[in-house]
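# Architecture and fold: a report
Now for the letters of each chain:
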Amino acid sequence: MAKKSMVITGESLARQGYCRISKRKNVVARIDVENWVEVFAKHFDKTLHEMFSEILGNPGHYEDLFRREWSKDCLDVSLTTARTVPSSFECAVGYEEKDETPE
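A brief structural summary. (Residues numbered from 1 in each chain as written. Predicted model: local features only at pLDDT ≥ 70, side-chain atom pairs only at ≥ 80, totals over all residues. Heavy atoms only, no water.)

### Overview of the sheet that holds strand β1 (residues 19–22)
Across the sheet, three strands lie side by side as β1-β2-β3; this open sheet has antiparallel pairing. Since the sheet does not close on itself, it has two edges, and those belong to β1 and β3 (74–76), each with one partner. Between one strand axis and the next, the sheet turns through 35° on average, direction left out of account. Both β1 and strand β2 (residues 27–29) contribute to a ladder of three bridges, which runs antiparallel. Opposite S22, over in β2, you have V27 as the bridge partner. (Pairing = 2+ DSSP bridges. Helix = DSSP H or I, 4+ residues; strand = E, 2+ residues; numbered from the N terminus. Axes fitted to C-alpha atoms, helices over the stretch in contact; angles between N-to-C directions.)

### Some details on the packing of helix α2 (residues 36–43) against helix α4 (residues 61–70)
Contact geometry for α2 and α4: axes closest at 11 Å, N-to-C directions at 85°. As the angle between them shows, α2 and α4 are arranged roughly perpendicular. Residues W36, V39, F40 and H43 of α2 form the contact with α4, whose participating residues are Y62, E63, L65, F66 and W70. (Parallel < 35°, antiparallel > 145°, perpendicular 65-115°, else oblique. Contact = heavy atoms within 4.5 Å.)

### Observations regarding the environment of N35
Looking at where N35 falls in the secondary structure, it is placed in the loop between β2 and α2. Judged by relative accessible area, which is 35%, N35 ranks as partly exposed. Note: C-alpha distance between N35 and Y95 (60 residues apart in sequence) is 8.3 Å. (Buried < 20%, exposed > 50% of the residue type's maximum accessible area, 1.4 Å probe, protein only.)

The following block contains the structure:
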């Protein structure tokens, strides 16, 4: 019964934009800033249009980079939960609203 609960938790985390950033440490993270593309445009000294072009030309690359380096919304989860959350590598999921209600 506990495994099913962890799978449901993992699916819920995935719907909120969480992706696994470490298989070894069972860490998940999400893009936690709604204007993350603007943050990157400023950081890489690009216009917003140039940044969107870069992101569209490299699906999942910048999203992964943001989750790994800039996100402050990282969670340590169980191995079972981590396995039910998609890998951050080449995952093009951007910012998603976070569900603040516990399951």
